[in-house]
Structures are given as C-alpha cells and as structure tokens.
Amino acid sequence: MRLKSTLGRVAVIACALMVTVGSTAVANASHGRECDTPSIDRFQQWLASGEGATEPATGSILVPRGRHDYSAKIKFLSNDWHVMVLWLGNQFEAQADLSRSHGFFMTYRASDDLYVQLRPASDWSGGAKWLTKIPSTHGRLVTRFFSFRADDWTTSPELGAPNYPLTEALDDARGLVFVGKTPNDLEFRGLKIDGYRPPCVH
C-alpha cells in the first residue's frame, strides 16, 4: 500500500526506529567486558548441583571455546529430575532486583525440552517455584527471548506451586535453576538479562 503523505512516511520510519532501538537496548542490557575468570556475559557461576544424574556431576560446567571465550555444557543422563544452577549475582548470598526487567535473551542448544525456575533468595530451597519452558532446539544453537511477564510463567503439578507471586521472585532473584526430567545434551553460549549487569566477584 502506498503512503499518501510525507507525514505518513515519517510516522512509519519513526515507529520502525523505536522498535529497532528498543530491541537493541534489551539485547545489549548486560553488554560489557567479561570477568577476569571464566564467565559468559559476566555470569561466572554455572553449576552442576549434584541433583540428578548429570555429566559433570558437580561443580562448574564452564569449558573454554577459545581465548577468553567460554560455554557452559552439561548432560542430563536419566529419566529423573536433574538440576543445573546459575547464580545471578555470581555468589550464593547475592541477589538481583529484576522487578523492572522485561526478560532475558539466551543463546543455547538443547536436545530435549526443559524448564527454568526463577528462585528468590527468600525461598531458595525446594522445587515449588515459578518456571517457564525452555524448548528443545534439536541440537541447533539458537537465541531466544524469555519474558518475565506473569502469563509466561507457570508451575509444575509434580514439583508444586509457590505460595508467592512471580513479582516477589523478581524482587530478590538469587538464581535461574534449569530442571529437566529427560536425558538432554545442553550448551549455553549467552545470557543477557534486560536491565541487569552481573558484577564480577573473582
């Protein structure tokens, strides 16, 4: 359809610029120099928790890809619950206020579906948490956006429902906890949270 006025063209161009700038702002929210020790987008603590049969079983899952370039790799090995943890403040005692964040971009590959839980410092333990689905990429490396809108988060009948709203979990977020109940080959290459830049602690 042809625009009939200069004003119409200007309005369309301005709208396109707003969308582009907004998308760039979210994508680059945590942009900055990496930490001096291994990290991905300044997140240093990618951990196998020891819960479920995983490879590795415990400890850091960061592996080098090149000079100052890392990925996080873990395998879920059985048909039972597995747990992988990312500390948002790079230490267990830290927490992040994500109440104004729109969500996060994640670059990853997964051979099967899994979930990520948002765990607050005020109610860290236990499986009854808000979660959202991380779809399988069938082994391909993809970048996807995961929103913090309440409508995009749910609970698991098997793990239980938290007794607080998602907004409270966003206020004092301690970690993202990745859980799955099937064998899965996982790799994480990037994680950028809108409005949040993690501090380097090592």
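Counting of residues starts from 1 at the beginning of each chain's written sequence and follows it residue by residue. Where local features are concerned, this predicted model is filtered to residues with pLDDT of at least 70; where side-chain atom pairs are given and counted, the filter is 80 or more; whole-chain, interface and lining totals use all residues. Hydrogen atoms and water are omitted, and side-chain values are computed over all heavy atoms in the structure.

## Overview of the overall build of the chain
Defined as follows: By definition, any uninterrupted DSSP run of H or I lasting at least four residues is a helix, any uninterrupted run of E lasting at least two residues is a strand, and each is numbered from the N terminus. When a residue's accessible area, from a 1.4 Å probe over protein chains only, is under 20% of the maximum for its type it is buried; when over 50% it is exposed; and in between it is partly exposed. Working rule for contacts: check all heavy atoms of both residues, and any pair within 4.5 Å makes them a contact. Each accessible area is a Shrake-Rupley result for a 1.4 Å probe, and residues are judged covered by the shown protein chains and nothing else.
The number of helices and strands found in the chain is 2 helices and 12 strands. Secondary structure elements of the chain, listed N to C terminal, follow the sequence α-β-β-β-β-β-β-β-β-β-β-α-β-β. Evaluated residue by residue, the chain yields a buried proportion of 41% over its 202 residues. If you take every contact in the chain between residues at least 6 apart in sequence, the share linking residues at least 24 apart comes to 74%. With the model as given, the accessible surface of the chain reaches about 10700 Å², and the carbon-plus-sulfur share is 54%.

## Some points on the state of the cysteines
Formally: Defined by distance alone, a disulfide is two cysteine sulfur atoms within 2.5 Å.
Applying the stated criterion across every chain yields a total of 1 disulfide. One disulfide in the model links Cys35 with Cys200; its S-S distance is 2.0 Å. With the S-S dihedral at roughly -85 degrees, the linkage between Cys35 and Cys200 falls on the left-handed side. Residue Cys35 is found in the loop between α1 (6-27) and β1 (46-49), and its partner Cys200 is found in the segment after β12 (184-193); the two are separated by 165 residues along the sequence.

## Some thoughts on the packing of aromatic side chains
The condition that has to hold: By convention, a stacked pair of Phe, Tyr or Trp rings (six-membered ring in the case of Trp) has centres within 6.5 Å and planes under 30 degrees apart, an edge-to-face pair has planes over 60 apart, and any other such pair is tilted.
For the structure shown, the criterion picks out 10 aromatic pairs. Aromatic pair Phe104 and Phe146: ring centres 5.3 Å apart, planes at 25 degrees, arrangement stacked. Placement of Phe104 in strand β7 (residues 103-110) and of Phe146 in strand β10 (residues 142-147) is noted, with a sequence separation of 42 residues between them. Pair check on accessibility: Phe104 and Phe146 agree, each one buried. Their ring planes at 35 degrees and their centres at 6.0 Å tell us that Phe148 and Trp153 sit as a pair that is tilted.

## What to know about the environment of Gly59
Inspection of the secondary structure puts Gly59 in strand β3 (residues 58-60). Of the residues examined, Gly59 reaches a relative accessible area of 31% and is grouped as partly exposed. Spatially, the C-alpha atom of Gly59 lies 5.3 Å from that of Ala48, the residues being 11 residues apart in sequence. The residues touching Gly59, leaving out its near neighbours within four places in the chain, are Trp46, Leu47 and Ala48.

## Focus on the pattern of salt bridges
Here is the rule we go by: Here, a salt bridge means any side-chain nitrogen of Lys or Arg that lies within 4 Å of a carboxyl oxygen of Asp or Glu.
This model, assessed by the stated rule, comprises 8 salt bridges. In this structure, the salt-bridge partner of Lys133 is Asp113, at a minimum N-O distance of 3.3 Å. Here Asp113 lies in the loop between β7 and β8 (114-120) and Lys133 lies in strand β9 (residues 130-134), a separation of 20 residues in the sequence. For the salt bridge of Arg149 with Asp152, the shortest nitrogen-to-oxygen distance reads 3.2 Å. On the basis of relative accessible area, Arg149 is assigned to the exposed category, the value being 54%. Judged by its relative accessible area of 30%, Asp152 falls in the partly exposed class.

## A look at unusual backbone geometry
A negative phi angle is the norm for most residues apart from glycine, just as the trans form is the norm for most peptide bonds. A cis amide bond links Glu55 with the next residue in sequence, Pro56, at an omega value of 0 degrees. At His138, a position not held by glycine, the phi torsion is positive, near 55 degrees. Along the chain, the position of His138 falls in the loop between β9 and β10.

## Some remarks on the sheet that holds β8
This is how the line gets drawn: DSSP-based pairing: two strands are paired if at least 2 bridges between them are found. Axis angles are defined between N-to-C directions and span 0 to 180 degrees, where every axis is a line fitted to C-alpha atoms and, for a helix, only to the segment in contact.
Strand order in the open sheet formed by 6 strands is β3-β1-β6-β11-β8-β9, and the pairing between neighbours is antiparallel. Edge positions in the sheet fall to β3 and β9, since each has one partner strand and no second. Sheet twist, expressed as the average angle between the axes of neighbouring strands with direction ignored, equals 20 degrees. With 6 bridges connecting them, β8 and strand β11 (residues 173-180) associate as antiparallel partners. Following the sheet pairing, Val116 is matched in β11 by Phe178.

## A closer look at the side chain of Asn184
Convention followed: The definition of a polar contact used here is a pair of N or O atoms within 3.5 Å, where within protein one atom must be able to donate a hydrogen and the other to accept one, and adjacent residues in sequence count solely through side-chain atom pairs.
By secondary structure assignment, the location of Asn184 is in strand β12. Within the structure, Asn184 has its side chain in polar contact with the backbone nitrogen of Ser111 (distance 2.9 Å). For Asn184, the residues in contact, after removing those within four places along its chain, are Ile74, Lys75, Phe76, Ala110, Ser111, Asp112, Asp113 and Leu114.

Scope: geometric values only; no functional claims are made or implied.
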